Amino acid sequence: QVQLVESGGGLVHTGGSLRLSCAASGRTASDYSMGWFRQAPGKEREFVARIGWTGGNTGYANSVKGRFTISRDNAKNTVYLQMNSLKPEDTAVYYCAADLLLGRLWNPADLKSWGQGTQVTVSS
């Protein structure tokens, strides 16, 4: 099992940027594909972005494509989500998740390893 801790959330104005980090710990943390999800109040948790264990095979939700970039540094066991051109509709708690199978990193119901989440608020 891998343990995940997110950081980097905060309050930003429309058009601003934030970078989220997810630190993974565990003997084989770098073997895991990683993903970012978000959950807004009253809504279900949704897929945002994912990345394979090598740093390739990235994928994004249509709503964030071109604005968000996922990356990872396996030497630091850390995954990042660079968020640019933020909009009020990006406001949510952002969670990172890990799985040995990249293909599972789009449906939250299939995932067992989650961080505690970090709040992102975008003011208009």
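All values reported here derive from a predicted model rather than from experimental measurement.

A closer look at the side chain of serine 21
- Considering the arrangement of structural elements, one finds serine 21 in strand 3 (residues 18-25).
- If we skip the residues at most four places from it in the chain, serine 21 touches Val5, Glu6, Ser7, Trp36, Thr78, Val79 and Tyr80.

Focus on the sheet that holds strand 1 (residues 3-7)
- Strands sit in the order 1-3-8-7 across an open sheet of 4 strands; the sheet is antiparallel. Each having just a single partner strand, strand 1 and strand 7 (68-73) make up the two edges of the open sheet. With direction set aside, neighbouring strand axes in the sheet form an average angle of 15 degrees.
- Sheet topology note: the strand 3/strand 8 (residues 78-83) ladder contains 6 bridges and is antiparallel. Directly across from arginine 19, in strand 8, lies its bridge partner glutamine 82.

As for empty space enclosed by the protein
- The tally for this structure, following the rule as stated, stands at 1 cavity of 30 Å³ or more.
- Volume-wise, the largest cavity comes out at about 50 Å³.
- Taken together, Cys22, Ala24, Ala29, Ser30, Met34, Arg72, Asn74, Asn77, Thr78 and Val79 make up the full set of residues lining the largest cavity.
- At the level of secondary structure, the elements contributing two or more residues to the lining of the largest cavity comprise strand 3 and strand 8.

Structural notes on the state of the cysteines
- Inspection of the entire model under this criterion finds 1 disulfide.
- A sulfur-sulfur separation of 1.9 Å characterises the disulfide bridge that pairs cysteine 22 with cysteine 96. Linking cysteine 22 and cysteine 96, the disulfide has an S-S dihedral of approximately 45 degrees and is accordingly described as right-handed. Of this pair, cysteine 22 sits in strand 3 while cysteine 96 sits in strand 9 (residues 92-99), placing them 74 residues apart in sequence.

A few points about the nonpolar core
- Grouped together as the largest cluster of nonpolar side chains are 34 residues, with contacts concentrated most on Met34, Trp36, Leu81, Met83 and Tyr94.
- When residues of this core are traced back to their parent elements, those giving at least two are strand 3, strand 4 (33-39), strand 5 (46-51), strand 7, strand 8, strand 9 and strand 11 (118-123).
- It is strand 9 that contributes the most residues to this core, 5 residues altogether.
- Not counting residues within four places of it along the chain, the set of residues in contact with tyrosine 94 comprises Glu6, Leu20, Trp36, Phe37, Arg38, Val48, Phe68, Leu81, Met83, Gly117, Thr118 and Val120.

Things to note about the environment of threonine 121
- By the element assignment, threonine 121 lies in strand 11.
- In this structure threonine 121 comes out as partly exposed when scored by relative accessible area, which is 28%.
- For the pair threonine 121 and glycine 10, spaced 111 residues apart in sequence, the C-alpha to C-alpha distance is 6.2 Å.
- Not counting the four nearest positions on each side in its chain, threonine 121 is found in contact with Gly10, Leu11, Val12 and Thr91.
- A distance of 3.3 Å separates a polar atom in the side chain of threonine 121 from a polar atom in the side chain of glutamine 119.

Details of the layout of surface pockets
- Looking at the largest pocket, its volume works out to about 150 Å³.
- Surrounding the largest pocket, Gln1, Tyr32, Ala98, Asp99, Leu100, Arg104, Asp110, Lys112 and Ser113 form its lining.

Definitions and limits used
Residues numbered from 1 in each chain as written. Predicted model: local features only at pLDDT ≥ 70, side-chain atom pairs only at ≥ 80, totals over all residues. Heavy atoms only, no water. Helix = DSSP H or I, 4+ residues; strand = E, 2+ residues; numbered from the N terminus. Contact = heavy atoms within 4.5 Å. Pairing = 2+ DSSP bridges. Axes fitted to C-alpha atoms, helices over the stretch in contact; angles between N-to-C directions. 1 Å grid on protein atoms, 1.4 Å probe; cavity = no way out; pocket = protein on both sides within 12 Å on 5 of 7 lines; lining within 4 Å. Points joined across faces, edges and corners; volume = space filled by probe spheres on them. Disulfide = S-S within 2.5 Å. Core = buried A, V, L, I, M, F, W, Y, C linked by side-chain atoms within 4.5 Å. Buried < 20%, exposed > 50% of the residue type's maximum accessible area, 1.4 Å probe, protein only. Polar contact = N/O pair within 3.5 Å; in protein donor to acceptor, adjacent residues only side chain to side chain.

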